[in-house]
Amino acid sequence: SWNAMAVKASRAGIPIYSHSHQIPWSFLLDSGPRDAKGYTRSSGIRVMDYFLKHTDAKWVKCEFDLFWAHVAQHQFRSYTNPDGATVEAVFDPAKQVASDPSRYVILHAKDGIQAPKTPEGYVICPFGYGDLDVARFVRESKADSSGAWWCSEQDNADGGDTDPQKALRDIANGYRGLSTLGQP
C-alpha cells in the first residue's frame, strides 16, 4: 500500500514519509513453529528493514525519530532464531541512518533521560537536555552531511490547564538544543 500511495504522490512530485516509533525496529516473527497467533521466531530481520526493502526508495522516505529509536535499542536487543536460540542484535540508531541516508530525510530531534526500570528505558525531555549521545549519532549516522532536515518535536509538551506555558518552554529548549548541533 505504501508503494501505491507513493505512485499517487509522485504524480504531484511529492515523496511520502513514514514516521515511526519503536515497534518497526522490532524483529519480524517470520519463522519457527506456529501458534494460534502465527510464527513465534525470527529470521533476525527488523520490520523497518523489510519495509524499506519492499518500498520504492525514490518516493518512500522516513522521518527518523531519535528518541523512539533509542527506546527500540532498549527494548529489542535480541530475537529467538528458527532453532530456538537467542541471538543478541542490539539496534544502533546511528548505523541504521548511515546504512541509507537517502531514506532518512527528516530527523525528529527528541531527547531522553535514562530510566532503565521503565518499559521504554527513557523519559522524554527537551532536545539537548537528556542522556542520548546526540554527538555520536550525528557523527556516526553522517546526519550532519546527509542533507537531512532536523525538526524539534516534544511528545509530552502539552502542560494542559495546570501549566499552559510548558509547550512554549519546551519548544524554546528544543530550539536551543538544535542550535548546538555541529558545535564542539
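None of the values given here were measured: they were computed from a predicted structure.

**Things to note about the packing of aromatic side chains**
No. 1: All chains considered together, the criterion is met by 10 aromatic pairs.
No. 2: Ring plane angle 85° and centroid distance 5.4 Å describe the contact between Trp2 and Phe51, whose orientation is recorded as edge-to-face. With a gap of 49 residues between them, Trp2 in helix 1 (residues 2-10) and Phe51 in helix 2 (residues 47-53) connect regions that are remote in the sequence.
No. 3: With centroids separated by 5.8 Å and ring planes inclined at 10°, the aromatic side chains of Phe64 and Phe137 adopt a geometry described as stacked. Residue Phe64 is found in strand 4 (residues 60-65), and its partner Phe137 is found in helix 5 (residues 134-141); the two are separated by 73 residues along the sequence. As far as burial versus exposure is concerned, Phe64 and Phe137 are alike and both buried.
No. 4: Every member of this aromatic cluster is reached through a ring pair, and the members are Trp25, Phe64, Phe91, Tyr104, Phe127, Phe137 and Trp150.
No. 5: Across from the ring centre of Tyr39, 4.6 Å away, lies the NZ or CZ of Arg34, which sits over that ring.

**A word on the environment of Phe127**
No. 1: Along the chain, Phe127 turns up in the loop between strand 9 (121-125) and helix 5.
No. 2: Taking the C-alpha atoms as reference points, Phe127 and Asp111, separated by 16 residues in sequence, lie 4.6 Å from one another.
No. 3: Excluding residues that lie within four positions of it along the chain, Phe127 makes contacts with Leu66, Ala109, Lys110, Asp111, Val134, Trp150, Gln154, Asn173, Gly174, Gly177, Leu178 and Leu181.

**Remarks on the side chain of Gln154**
No. 1: Along the chain, the position of Gln154 falls in the loop between strand 10 (149-152) and helix 6 (166-179).
No. 2: Overall, Gln154 belongs to the buried group, its relative accessible area being 16%.
No. 3: Apart from the residues lying within four places of it in its own chain, the contact partners of Gln154 are Ile124, Cys125, Pro126, Phe127 and Asp170.

**Here we look at the confidence of the model for the chain**
Where the model shows low pLDDT, its predicted coordinates should not be examined in detail.
No. 1: Of all residues in the chain, 97% attain a pLDDT of 70 or more, and the chain-wide mean is 89.
No. 2: Mean pLDDT values for the elements of the chain range from 85 in strand 10 up to 97 in strand 6 (residues 86-88).

**Focus: the sheet that holds strand 1 (residues 16-19)**
No. 1: Reading across the sheet, the 4 strands line up as 1-4-7-10 and stay open at both edges, with parallel pairing between neighbours. Edge strands, defined here as strands with exactly one partner in the open sheet, are strand 1 and strand 10. Here the average twist between neighbouring strands, direction ignored, is 25°.
No. 2: Where helix 1 meets the sheet, it contacts strand 1 and strand 4, and its direction lies at approximately 145° from that of strand 1.

Cut-off values and rules
Residues numbered from 1 in each chain as written. Predicted model: local features only at pLDDT ≥ 70, side-chain atom pairs only at ≥ 80, totals over all residues. Heavy atoms only, no water. Phe/Tyr/Trp six-rings, centres within 6.5 Å; stacked < 30°, edge-to-face > 60°. Helix = DSSP H or I, 4+ residues; strand = E, 2+ residues; numbered from the N terminus. Buried < 20%, exposed > 50% of the residue type's maximum accessible area, 1.4 Å probe, protein only. Lys NZ or Arg CZ within 6 Å of the ring centre and 35° of its normal. Contact = heavy atoms within 4.5 Å. pLDDT = per-residue confidence, 0-100. Pairing = 2+ DSSP bridges. Axes fitted to C-alpha atoms, helices over the stretch in contact; angles between N-to-C directions.

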